[in-house]
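Descriptive analysis of the structure
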Amino acid sequence: MKVRARFRIWRDFPVAKATGSAVKVYSPYSRGNSDLLAGPRPVSYMHDEALHALPDLRAQLPTEKPILLGHSDGASIALIDAGAHDRVCGLALLASPGFVEDLSVKSIA
């Protein structure tokens, strides 16, 4: 599967202002400003993003060990990336869906 994503820099992102650091914001495939989903999302989509799209992003960063900040699926993608590679300085994770609760499955149904 070819993973396509667009990357952009948010100069006004709160983390950039608070730390004075450069921030590169990444939207996973079919989220934010990335390409639209062309078909059904595979079960492996978070692994596909972490193992295929994030290496492309890393190649554009001025640091070898960034801090990854992820929200929701992005937090899970950051966790998968950190577990697969020894290339992060730290993680900031918000509302990571680490597992699926029965209530969520019933609510979706």
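Residues numbered from 1 in each chain as written. Predicted model: local features only at pLDDT ≥ 70, side-chain atom pairs only at ≥ 80, totals over all residues. Heavy atoms only, no water.

**Regarding the side chain of Asp81**
Applicable threshold: Strands are runs of DSSP state E lasting at least 2 residues, helices are runs of H or I lasting at least 4, and numbering of each runs from the N terminus. In what follows, residue pairs with any heavy atoms lying within 4.5 Å of each other are defined as contacts.
Looking at the element boundaries, Asp81 is found in helix H3 (residues 73-84). Here Asp81 is in contact with Ala50, Leu54, Arg58, Leu68 and Val88, once residues within four sequence places are set aside.

**Brief notes about the layout of surface pockets**
To find leftover empty space, one rolls a probe the size of a water molecule over the atoms. Definition in use: The method works on a 1 Å grid over the protein atoms by themselves. A cavity is a set of points holding a 1.4 Å probe that cannot get out, a pocket is an open set with protein on both sides within 12 Å along at least five of seven lines, and residues with an atom within 4 Å of a point line them. Grid points are joined across faces, edges and corners, and a volume is the space filled by probe spheres set on the points.
The computed volume of the second largest pocket comes to approximately 170 Å³. Lining the second largest pocket, in full, are Met46, Asp73, Pro97, Phe99, Val100, Ser104, Val105 and Ile108. Counting residues per element, the lining of the second largest pocket draws most heavily on helix H4 (residues 102-108), which supplies three residues.

**Looking at a nonpolar patch on the surface**
Where we set the bar: Surface patches are defined over residues having more than 30% relative accessible area and no salt bridge, joining like charges when they lie within 9 Å and nonpolar side chains (Val, Leu, Ile, Met, Phe, Trp, Tyr) when within 5 Å. The Shrake-Rupley method, run with a 1.4 Å probe, gives the accessible areas here. Residue values count only the displayed protein chains as cover. Here, a salt bridge means any side-chain nitrogen of Lys or Arg that lies within 4 Å of a carboxyl oxygen of Asp or Glu.
Together, Val15, Leu69 and Leu94 make up a nonpolar patch on the protein surface, roughly 240 Å² of accessible area in all. By the element assignment, Val15 lies in helix H1 (residues 14-19).

**Some details on the nonpolar core**
Nonpolar side chains in soluble globular proteins tend to end up buried together. For clarity, the cut-off: Among buried residues, those of type Ala, Val, Leu, Ile, Met, Phe, Trp, Tyr and Cys that are joined through side-chain atoms within 4.5 Å constitute a nonpolar core. Residue exposure (1.4 Å probe, protein chains only): buried if accessible area is under 20% of the type maximum, exposed if over 50%, otherwise partly exposed.
One finds Tyr26, Tyr45, Met46, Ala50, Ala53, Leu54, Leu57, Ile77 and Ile80 forming the largest nonpolar core, which totals nine residues. Contributing elements (two or more residues each) for this core: helix H2 (45-58) and H3. At six residues, the largest contribution of residues to this core is made by H2. In this structure, Ala50 is in contact with Pro55, Ile77, Ile80 and Asp81, ignoring residues within four places of it in sequence.

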